[in-house]
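# Observations on the model geometry
Now for the letters of each chain:
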Amino acid sequence: MFQPAATPSRSSGAFGMLELIYHATVRDVRKTHRNALVGLAMNMMQTVVFVLAFYLLFEIMGMRSSAIRGDFLLYIMSGIFLYMTHTKAMSAVLGSEGPTSPMMQHAPMNTMIAISAAALSSLYIQVLSLFLILTIYHIAFVPITIYQPIPAMGMVLLAWFSGCAVGTVFLALKPWAPEFVGVTSNIYIRANMIASGKMFLANSLPAHMIAFFDWNPLFHSIDQARGFAFLHYNPHFSSISYPIYLSIVLIMLGLMGEFYTRKNASASWEAMR
């Protein structure tokens, strides 16, 4: 009662925030299912279903000849993994706790911690699923070789980062136009089924078609990832710098919008979530 108030140092404050992010991340990971292993298995099954569906699509439509020279299933998985990572990150950030959430009544908690936890929990699940699926495929079916595994993993992280950036923009707009954001985010996810370029190679597109896809940061991430994963593919129509710069701009705009929204938050918004 009579003890002087101690002002925490910057380092202790930073470590305290990291601890809060860790605990909030664990809480977010367990949101999908009370059993963490079951939640991971469900996410892996969703990814495997996507891979099998696209494998059958390529077989039925006779599109295997247009694929890259190398392991065909790895070619499909390279697109599916990045698409899932990008989409799940966007959805997780968009669905994170807002300024009027009951969790924000706890003094150390704030929206930045909630956004970081949602993004990190999504990354954890997706990366763990990726490694487990590739390991099972490598051991049980066909041994695979990734040409440059570290840069290829960097493209997975870039797809996640760009998904977080898009999700932050949607999150800032959500309290002001919840129905518009709900519809627009669903359209963005559905459009990326084609616009992400996971079904084809950018090098195989005619010049007039590139403009329909090169606005999309995920398109660049997937194409560059295939360049790092396969020895015989050299991407010519995509870049690493574009999704990095665009994601930085989007995340700054989203955070500025979220800061303004937080200052003008109304308790009635929670009813619209």
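Refer to the structure printed above.
Residues numbered from 1 in each chain as written. Predicted model: local features only at pLDDT ≥ 70, side-chain atom pairs only at ≥ 80, totals over all residues. Heavy atoms only, no water.

## Notes on the packing of helix α3 (residues 72-94) against helix α6 (residues 178-195)
Here α3 crosses α6 at 175 degrees, and the two axes come no closer than 11 Å. By the angle class used here, α3 and α6 are roughly antiparallel. Contacts between α3 and α6 involve Tyr-83, His-86, Thr-87, Met-90, Ser-91 and Leu-94 from the former and Val-181, Ser-185, Tyr-188, Ile-189, Asn-192 and Met-193 from the latter. Residues that form the contact of α3 with α6 fall into these classes: seven nonpolar, five polar and no charged. (Axes fitted to C-alpha atoms, helices over the stretch in contact; angles between N-to-C directions. Helix = DSSP H or I, 4+ residues; strand = E, 2+ residues; numbered from the N terminus. Parallel < 35°, antiparallel > 145°, perpendicular 65-115°, else oblique. Contact = heavy atoms within 4.5 Å. Nonpolar A, V, L, I, M, F, W, Y, C, P; charged D, E, K, R; others polar.)

## Remarks on helix α8 (residues 217-229)
In a regular helix each residue adds 1.5 Å, so 13 residues correspond to 18 Å; α8 covers 18 Å between its end C-alpha atoms and thus fits that length. For α8, a buried count of 13 out of 13 residues is recorded, marking the element as mostly surrounded by other parts of the structure. You can read the cap of α8 off the contacts: a side-chain oxygen lies 3.1 Å from the backbone nitrogen of Leu-218, and it is on Asn-216. (Expected span 1.5 Å × (residues − 1). Buried < 20%, exposed > 50% of the residue type's maximum accessible area, 1.4 Å probe, protein only. Polar contact = N/O pair within 3.5 Å; in protein donor to acceptor, adjacent residues only side chain to side chain.)

## A word on the environment of Ser-78
Structurally, Ser-78 can be placed in helix α3. Taking the C-alpha atoms as reference, Ser-78 lies 6.7 Å from Arg-226; in sequence the two are 148 residues apart. Aside from chain neighbours lying at most four places away, what touches Ser-78 is Arg-226 and Phe-230.

## Focus on the side chain of Gln-224
Secondary-structure assignment places Gln-224 in helix α8. A distance of 3.0 Å separates the side chain of Gln-224 from the side chain of Ser-238, its partner in a polar contact. Discounting residues that sit within four places of it in the chain, Gln-224 has contacts with Met-155, Pro-235, Ser-238, Ser-239 and Ile-240.

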